[in-house]
Amino acid sequence: MVAFATGRYVRTDGSVVEGPSILDVAAAKDPKVAEEMKAALDVTTAAMRVMKDTADSGTMAYDQMIGEGNAAGNKIVQDAIDGLVFQTRAIERVVATLGLTIEIEGSDSLDNPAAVGKN
């Protein structure tokens, strides 16, 4: 899980830096919202791991995953994208719970997939 969420970072030398995390702060306000964010981060991490492991294994390179007609590869990449979108929504809920305001930049292809390629 990502360091900003857990408040724990392992340096390249193996030493650990720890402190309060966004999940700690969110859990103090609304444990359900914090748990939703943790679950979303876990989903994204798992999907990204599948994508990386697939590429690292030599089974299918990333550019092959996104190739036209490669349903299995396309699904691997789409699962990672869907995880990131789900994660973004969870982060937005945490931010709102904490009473903060941030602006998350969108993407034409993710915000309105039906409009992609239609000019």
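Residues numbered from 1 in each chain as written. Predicted model: local features only at pLDDT ≥ 70, side-chain atom pairs only at ≥ 80, totals over all residues. Heavy atoms only, no water.

### Some thoughts on the side chain of T54
Among the secondary structure elements, T54 is positioned in helix 3 (residues 31–56). Take T54: its relative accessible area is 13%, and that puts it in the buried class. There is a polar contact of 2.7 Å between the side chain of T54 and the backbone oxygen of V50. Beyond its immediate chain neighbours, meaning those up to four positions away, T54 contacts T59, M60, M65 and I76. (Helix = DSSP H or I, 4+ residues; strand = E, 2+ residues; numbered from the N terminus. Buried < 20%, exposed > 50% of the residue type's maximum accessible area, 1.4 Å probe, protein only. Polar contact = N/O pair within 3.5 Å; in protein donor to acceptor, adjacent residues only side chain to side chain. Contact = heavy atoms within 4.5 Å.)

### Examining the nonpolar core
Among the nonpolar cores identified, the biggest contains 13 residues, and A5, L23, M37 and V94 are the most heavily contacted of them. Mapped by element, the contributors of at least two residues to this core are helix 2 (22–29), helix 3 and helix 5 (71–97). Take this core: its biggest share by element is five residues, from helix 3. In terms of nonpolar packing, the next biggest core, distinct from the first, is built from seven residues, A47, M51, I76 and A80 among them. (Core = buried A, V, L, I, M, F, W, Y, C linked by side-chain atoms within 4.5 Å.)

### Section: the packing of helix 3 against helix 5
For the pair helix 3 and helix 5, interaxial distance at closest approach is 8 Å and the crossing angle is 160°. Between helix 3 and helix 5, the interaxial angle falls into the category roughly antiparallel. Our pair here, helix 3 against helix 5, has a crossing hand that is left-handed. Of the residues assigned to the contact of helix 3 with helix 5, the class counts are 17 nonpolar, five polar and three charged. (Axes fitted to C-alpha atoms, helices over the stretch in contact; angles between N-to-C directions. Parallel < 35°, antiparallel > 145°, perpendicular 65-115°, else oblique. Left-handed = near helix turned anticlockwise from the far one by under 90°. Nonpolar A, V, L, I, M, F, W, Y, C, P; charged D, E, K, R; others polar.)

### Some remarks on helix 5
Under the 1.5 Å per step criterion, the end-to-end length of helix 5 is 38 Å for 27 residues, consistent within 8% with the ideal 39 Å. Among the residues of helix 5, those classed as buried are G73, I76, V77, A80, G83, Q87, A90, I91, V94 and V95. Positioned one or two residues after helix 5, G99 has a phi angle of 75°, which is positive. (Expected span 1.5 Å × (residues − 1).)

### Some thoughts on the pattern of salt bridges
Inspection of the entire model under this criterion finds seven salt bridges. The salt bridge involving R8 is made with E18; its shortest N-O contact spans 3.6 Å. With R8 in strand 1 (residues 8–10) and E18 in strand 2 (residues 16–18), this pair connects stretches of sequence that are ten residues apart. Exposure remark for R8: the relative accessible area of 41% places this residue in the partly exposed category. (Salt bridge = Lys/Arg side-chain N within 4 Å of Asp/Glu carboxyl O.)

### Remarks on the confidence of the model for the protein
Parts of the prediction with low pLDDT should not have their coordinates interpreted in detail. On average, the protein scores 90 in pLDDT, and the residues at 70 or more come to 96%. Here helix 6 (residues 108–111) stands out as the element of the protein with the lowest mean pLDDT, 72, in contrast to helix 3, whose mean of 95 is the highest. (pLDDT = per-residue confidence, 0-100.)

### What to know about the environment of G7
Relative to the helices and strands, G7 resides in the loop between helix 1 (3–6) and strand 1. Classification of G7 as buried rests on a relative accessible area of 15%. On a C-alpha basis, the gap between G7 and G106 in space is 26 Å, while along the polypeptide they are 99 residues apart. What G7 contacts, discounting residues up to four positions off in sequence, is V17, E18, G19, P20 and S21.

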